[in-house]
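Each chain, letter by letter, is given below.
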Amino acid sequence: MAVSRLPLYGRVVRAPAHHRYTWKQYLSVERDSTLKHEFLDGEIFAMAGGTPEHSALGVAVTRELSVQLEGKPCTTFNSDLRVRVMATGLSTYPDAAVVCGQLERDPDEKNIVLNPVVLVEVTSASTEAYDRGEKFEHYQRIPTLAEYVLVSHHERLIELFRRKPDGQWERLEARGSARLELASIKCELAVDRVYRGIELAED
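The residue numbering used here restarts from 1 in each chain and proceeds along that chain's sequence as written. At least 70 in pLDDT is required for a residue's local features to be given in this predicted model, at least 80 for side-chain atom pairs to be given and counted, and no such filter applies to totals for whole chains, interfaces and linings, which use all residues. Working from all heavy atoms in the structure, the side-chain values ignore hydrogens and water.

Student: Is there a simple way to explain the state of the cysteines in this structure?
Tutor: Working definition: the covalent bond between the sulfur atoms of two cysteines is a disulfide. Two cysteine sulfurs form a disulfide in these notes if their separation is within 2.5 Å. Applying the stated criterion across every chain, the model contains one disulfide. With its sulfur 2.0 Å from that of its partner, C74 forms a disulfide with C100. On the sign convention where negative is left-handed, the bridge of C74 and C100, at about 100 degrees about the S-S bond, is right-handed. Note that C74 is positioned in strand 3 (residues 74-77) and C100 in strand 6 (residues 96-100), a separation of 26 residues in sequence. Residue exposure (1.4 Å probe, protein chains only): buried if accessible area is under 20% of the type maximum, exposed if over 50%, otherwise partly exposed. Judged by its relative accessible area of 12%, C74 falls in the buried class. A helix here means a DSSP run of H or I that spans at least four residues, while a strand means a run of E at least two residues long, and both kinds are numbered starting from the N terminus.

Written out as structure tokens, the structure reads:
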């Protein structure tokens, strides 16, 4: 999901907030709001809606993984699922997520999940640097996370970041008619299938 790095009610750039929210206050805001919000370091950020192309790419990835995981002990979730990184406090809504086995839920909010195996983000002009940088750094602190997928909004490109046994992350990519294997869940993402029928918009 595209995220506007704007504190709730507010500013154009990220800056020290006049008021810092507690985790419990954030949960209360989220329960009462019709919008989705990201939470980090006492600040609440409104998550902006994406383009039709962004939405279609998220649906395509979710569909591909859901079909391949049918009958397996893993579940695919769309961008309505909230994930929390316990080590850093980030609470956010990835564009897609896969959880294998039983859901590990946040002790304060049963609708927040802590144990994704795969996370997917569709980039946008405003979030690509965040998805590649700060957000990925947070995601790496999730002990169960094995693979992180980035789907480009401006070219037919899927990138896969895979955690190696030594804890380092390797990067793989697929362009054109290539495909990537998600080893942790024994699935694959084919560029042709994910981008089929989607005309990429210019930034």
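Student: Is there a simple way to think about the packing of aromatic side chains in this case?
Tutor: Aromatic ring pairs are defined here through the distance separating the ring centres and the angle between the ring planes. When two rings of Phe, Tyr or Trp (its six-membered ring) have centres within 6.5 Å they constitute a pair, described as stacked for plane angles under 30 degrees, edge-to-face for angles over 60, and tilted for the intermediate range. All chains considered together, the criterion is met by eight aromatic pairs. Ring centres of Y139 and Y148 lie 5.4 Å apart, and the angle between their planes is 75 degrees; this geometry places the pair in the edge-to-face category. Accessibility expressed as a relative area gives 0% for Y139, which makes it buried. Members of the aromatic cluster, each reached through a chain of ring pairs, are F136, Y139, Y148, F161 and W169. As a reminder, the over-ring test applies to NZ of lysine and CZ of arginine, requiring each to be within 6 Å of the ring centre and within 35 degrees of the ring normal. Cation over ring: R84 sits above W23, and NZ or CZ is 3.7 Å from the ring centre.

Student: Would you mind showing me how to read helix 1 (residues 23-32) here?
Tutor: Two residues of an α-helix separated by three or four positions point the same way, owing to the 3.6 residues in each turn. Looking only at helix 1, the buried set comprises W23, Y26, L27 and E30. In a view along the axis of helix 1, the buried residues occupy a sector of 100 degrees, so they form one face of it. Residues of helix 1 that are exposed and angled more than 90 degrees away from the buried face: K24 and D32. Among the structural elements, strand 1 (37-40), strand 2 (43-46), strand 4 (82-84), strand 5 (91-92), strand 7 (105-106) and strand 8 (109-113) are those in contact with the buried residues of helix 1. The arc under discussion is defined with respect to the helix axis, by the directions toward the C-beta atoms. In this description, contact between two residues means that some pair of their heavy atoms is separated by no more than 4.5 Å.

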